[in-house]
Every structure is written in structure tokens, then in C-alpha cells.
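# Observations on the model geometry
Given next are the chains, with one letter for each unit.
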Amino acid sequence: MTPENLLAAQREFFLSGQTLPLKFRIKQLKKLRKAIRENEQYFYEEIYKDFSKSKFETYATELSLVYSELNLAIKKLKKWMKPKKKRTDLANKPGKSRILPEPLGCSLIIGAWNYPYQLSIVPVISAIAAGNTVILKPSELSYNASAIMAKVFNRIFIPEIFHVVIGGIKEAQALLNLNFDKIFFTGSVPVGKKIYQAAAKHLTPVTLELGGKSPTFVLPDAKIKMTAKRIVWGKFLNAGQTCVATDYILVDKTVEKQLLEELKNQIKIQFPTFENGIPENYVQIINERNFDRLLNLIDKEKIYYGGTFDKEKRLIHPTVLHNISFDDTVMEDEIFGPVLPVIAYENLDELIEKVKLKPKPLALYIFSKNKKQIKKIQTEISFGGGAVNDTVMHLTNHRLPFGGTGSSGMGSYHGYAGFETFSHFKSILKKPFWFEPPVKYAPYSEKNRKILKFLIE
Ligand code: NAD
């Protein structure tokens, strides 16, 4: 089927109104859940082929989020779809005000490779829950994971409702030429700009889930051992190929040495070297291009710990860099790999002023118990979302909308926020016939202007 024919079929199906009832949507969501459950083993096997991601990590960082979103949507959809009553202002009384959610229509979802299942399937869940049809174009880089999604989903869903298109840039561009009602994109900032431009042609609303350099602040009162443990986990998970991973650490000079030592200790515990065999939690760098890019970011003079690698297996040992300043090459672009630069600071206020001027990050983390300073950082610096005394975990709470701001993206999803993202909310005022004050009608008078003023102000 050509992209044009596929979208035309979805449009016809959408306009028939079949996606509107709650029962239809729940049926599709249950079908999706059953398909993933029945094929879970293949999902583990195929992603392993892409970047040797273990079964544990695939469940913990991918499928668990998918199941949790599915279960939530199935449980809450009836409530989400209900019109919401709103209070009516005096001028419109005795009318009634309500907000009616409606699906946007035919949606296009373009996914990234680093978490190929959850970054593709979670928005699909939101789109179906909101009553849209979906075309999903997952990343070509996680080829096997994308192929298994196409194989499983295209077998059980008719293309009019949900279809997976396999391909790379060319296929994405062919889809972007068409007139969708919603585009949901996860990926890099430069491609995000292209998506936005393509969407502008048809005035299609977009959600952009992008990346950036996410800082982690370590203040002098932080419990350093636990801080290091949580940073190391979140940073080196998926070999650092996580959009919300700590990109760099900003540590108070007085605790820098202690933190560096603890980071090293934690890496030794969580990621023993791979010279004597590869431990299960090592994930490969997705391809050679990214592998070479990451090696170029490791300044040998500045290695505090790590720095070893296996080119053939595309593995890089978790690496900590010290004596780093904002002028180092590693501080230019998002790292997106297991390289962790540490910058020591002396004056927090000056540091905040500096970070404020940088592109708005997707995540920001603070390790401290000092409420005043936590508040200062959180209010003065703009960022997508984050955590205090932890990293990454905020995205697992589906009650927290997930998304970026500025160059880290626009719009959000997860849980009800995902339903909102794929919905339009119609505001409706309903009036009875029996009451109509003559105030707003001509002929106008000073008396009526005063009544109007009273009613409105
Ligand atoms: P990418 O932008 O290279 O690719 C993403 C998708 O866009 C792929 O499906 C790809 O086929 C498609 N694409 C690439 N070039 C295109 C073009 N010219 N026109 C149309 N489509 C095109 O990103 P990536 O390498 O897959 O992912 C890494 C980036 O994604 C990082 O910056 C990371 O921070 C970000 N990311 C963000 C989130 C988030 O939730 N905010 C999650 C994961 C990754």
C-alpha cells in the first residue's frame, strides 16, 4: 500500500465514526496488550540483536512502561472520555458549560531507536485511547525491534486502524508530505525542526519529544554515596543512550573528590569491566558511527575512570571525565552514551546564571536536602522535568506529564497527558430557550451597558 492509499483508508475509517465509541477503543487496547504478551519472547530476542539489551533491562525500561500505560488507559478511559462540566459565568446563566474531548483524527508517530518499544508503543496507546487512527514509523537503526513490531501489529490490526511502516528517512519524508491531523515525533533536535516545518504546510499540530544536555547538580549537603549510586544507574542504563540521562554533573568543589571516588566505586559494583566476559547489563552502542563519535568525546587527559572499549563489540566502559569546563568539546552537544563529564563549581548563583543561558534541557536533577537552593534551581532554570535526589525515575510515574520545553521539545504525554495530546477539547455552552434577558440586543442603551458591565465584571 502506498503512504497515500494507507492514509486515505485510515481517513475513510476515521470519518465513518467507528473509532469513537469507548467499546471500540478498549477492544483495540486489549488486542494490543494481548499481542505484546503473546509475543513478548520475540520482543526480547529481537532487541537483543540490535544492541544486546538484556531481558531484564528490556522489561524494566521498555515493556513495563508499555504494560503500565495499557493497563491505565484500559482502566481510566471511560473517565477520560466523559465530558467535563464547567461553571457557567453570570452573563450566560442559566446555560450549562461543558468540555467534550474528541479525537484529532489520523495520526503519524515517528519513533527513535534508543527505546524502540516504549517510545513507539506508548504514544500509539495514547492515540488509540483518544480515538485516532495511527501510522507508526519506528526507527530504522533499531532494525530488528522495529521489524518485530511491524510483524506482530500489522498481523493483528487492519491497516485502517493501526499500521507500522518500516523504513528510514525516505519513508518518513513520504509520510510527512501527507496531511495528518497529528504528528508525534521522538528524536533529535535537527530532525525535530524538519518535522515542524513539514507539519506547518498542513497546519498539523505536533508533539516533539527531543533531547539536549541534562545537568545534574550535586550540592555540598548531598549524601554522596547514594547520590553516586543513583547517578551511575541512570547514566549508564542502556549505555547512556537515554534522552533523560544525566549528560553532565555540576558538583560543589568541596565534595568533588568524594563524589568522583564514589562514582568510581559505584561503576565498579554496577558495571564490572568486560575484559573477562560481558556482564548482562552491558548494552552496545547502536552503531559504528555513534561509537566513533563517543570515542572522540573522551579526552584521554581528563579520564578519571574508565575509558576502555571494545570496538568489535561496540562496548564502552562507563567513563568519568574530570577537570572539565563548559569549553570542553564534550560539553558542546548531547553525549547520548556512557561518558560522564564532571564540572566542579564554587559559586552556585553564578553557575545558575550560566546554565540558564543554555538551551533548555529535557531533564534536570538536584541532589540536596537544602529546600531553598532546590527551589532556586527549579524556579530559575527552565527544563522539561526532573527529580530531586534521583535521576530518570520521574518518567515512570504516569501521573507526571512527560515532555520537554524550548529546544528539548513541545507537548507532553504519558497517562492522561497522552490522551490530551491526541485529543481536541471542544468547549460547549448550552442554553435553554425559556430565558433571554434583552440586555445584549439592539437598540443599545446606557442602562443596558451598565447591566452588562455588572454581569461581566
Ligand atoms: P533521529 O532524529 O535521528 O531519528 C528519529 C526518527 O526520525 C527516526 O525514525 C528516523 O527515521 C526519522 N528521521 C531521521 N531523519 C529524518 C528526516 N530528515 N526526515 C524525517 N524523518 C527523519 O533521532 P535518533 O537518533 O533516533 O534518537 C536520538 C535523539 O532522540 C536524541 O537526541 C535523544 O535525546 C532524543 N530522544 C528523545 C526522547 C524524548 O522522549 N524526549 C526519547 C528518546 C530519544
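Since we're looking at a predicted model, the values are computed, not measured.

## What about the domain arrangement of the protein?
Partitioning the protein into domains gives domain 1 (3-210 + 409-426) and domain 2 (215-403). Taken over C-alpha atoms, the centre of domain 1 sits 30 Å from the centre of domain 2. Carbon and sulfur atoms supply 56% of the area buried between domain 1 and domain 2, which totals about 2000 Å² over both sides. Remark: the boundary between domain 1 and domain 2 carries 0 salt bridges. At the surface where domain 1 touches domain 2, the tally comes to 11 residue pairs in polar contact (both at pLDDT 80 or more). Sorting the residues of the side of domain 1 that touches domain 2 by element identifies helix H3 (40-51), helix H4 (55-81) and helix H14 (416-421) as the ones contributing at least two each. The leading source of residues in the side of domain 1 that touches domain 2 is H4, at 7 residues. Looking at the side of domain 1 that touches domain 2, its residues break down into 10 nonpolar, 10 polar and 6 charged.

## What to know about the packing of aromatic side chains
For the coordinates displayed, the defined rule picks out 18 aromatic pairs. Geometrically, the ring pair formed by Trp80 and Phe419 is tilted, given 5.6 Å between the ring centres and 45 degrees between the ring planes. Taken together, the residues Trp80 in helix H4 and Phe419 in helix H14 connect sequence positions 339 residues apart. One exposure class covers both Trp80 and Phe419, and it is buried. By way of ring pairs, the aromatic residues Phe43, Tyr117, Phe153, Phe157 and Phe162 are connected into one cluster. Lying over the aromatic face of Phe157, Lys31 brings its terminal NZ or CZ to 5.2 Å of the ring centre. It is Arg37 that lies over the ring of Tyr67; its NZ or CZ is 4.3 Å from the centre.

Parameters at a glance
- Residues numbered from 1 in each chain as written.
- Predicted model: local features only at pLDDT ≥ 70, side-chain atom pairs only at ≥ 80, totals over all residues.
- Heavy atoms only, no water.
- Domains from an automatic or database assignment.
- Buried area = accessible area lost by both parts, 1.4 Å probe.
- Salt bridge = Lys/Arg side-chain N within 4 Å of Asp/Glu carboxyl O.
- Polar contact = N/O pair within 3.5 Å; in protein donor to acceptor, adjacent residues only side chain to side chain.
- Helix = DSSP H or I, 4+ residues; strand = E, 2+ residues; numbered from the N terminus.
- Nonpolar A, V, L, I, M, F, W, Y, C, P; charged D, E, K, R; others polar.
- Phe/Tyr/Trp six-rings, centres within 6.5 Å; stacked < 30°, edge-to-face > 60°.
- Buried < 20%, exposed > 50% of the residue type's maximum accessible area, 1.4 Å probe, protein only.
- Lys NZ or Arg CZ within 6 Å of the ring centre and 35° of its normal.

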